[in-house]
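Notes for the structure review
The residues making up each chain are set out below.
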Amino acid sequence: METDQTTPGDADALPAPEIVNVKTRRVACDGGGGALGHPRVFYEIGEENFVECLYCDRRFVLEGGGH
Ligand SMILES: [Zn+2]
């Protein structure tokens, strides 16, 4: 099941997490640099085929996981 729909503007809602498609299980995130950046951290995608960054809530989704 996919949830590609963006949530309509809701004043109290948290911003929707950014989804980043990756092709390897080892990913690194530094928040994109700039004011929104954070220390670079590394994650390893497990059996769920995605991992969320603890700093910036980005979700890294493994491409082709169900091939
Ligand atoms: Zn991050």
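Predicted model only: the values in this text are computed from it and were never measured. (Residues numbered from 1 in each chain as written. Predicted model: local features only at pLDDT ≥ 70, side-chain atom pairs only at ≥ 80, totals over all residues.)

Time to look at the sheet that holds strand E4 (residues 50-52). With respect to topology, 3 strands assemble into an open sheet ordered E1-E5-E4, the strand pairing being mixed. Both outer strands of the open sheet, strand E1 (19-22) and E4, are each paired with one neighbouring strand and no more. Along the sheet, successive strands turn relative to each other by an average axial angle of 20°, direction set aside. Note that E1 and strand E5 (residues 59-62) share 4 bridges and pair parallel. In the sheet register, Asn21 faces E5, and the bridge partner there is Val61. (Pairing = 2+ DSSP bridges. Helix = DSSP H or I, 4+ residues; strand = E, 2+ residues; numbered from the N terminus. Axes fitted to C-alpha atoms, helices over the stretch in contact; angles between N-to-C directions.)

The next subject is unusual backbone geometry. In this structure, Asn49 is a non-glycine residue whose phi angle is positive, near 65°. A count of 14 C-beta atoms within 10 Å places Asn49 in the partly exposed class. At Asp57, a position not held by glycine, the phi torsion is positive, near 65°. The partly exposed category is assigned to Asp57, around which 13 C-beta atoms lie within 10 Å. (Buried ≥ 20, exposed ≤ 12 C-beta atoms within 10 Å, placed from the backbone.)

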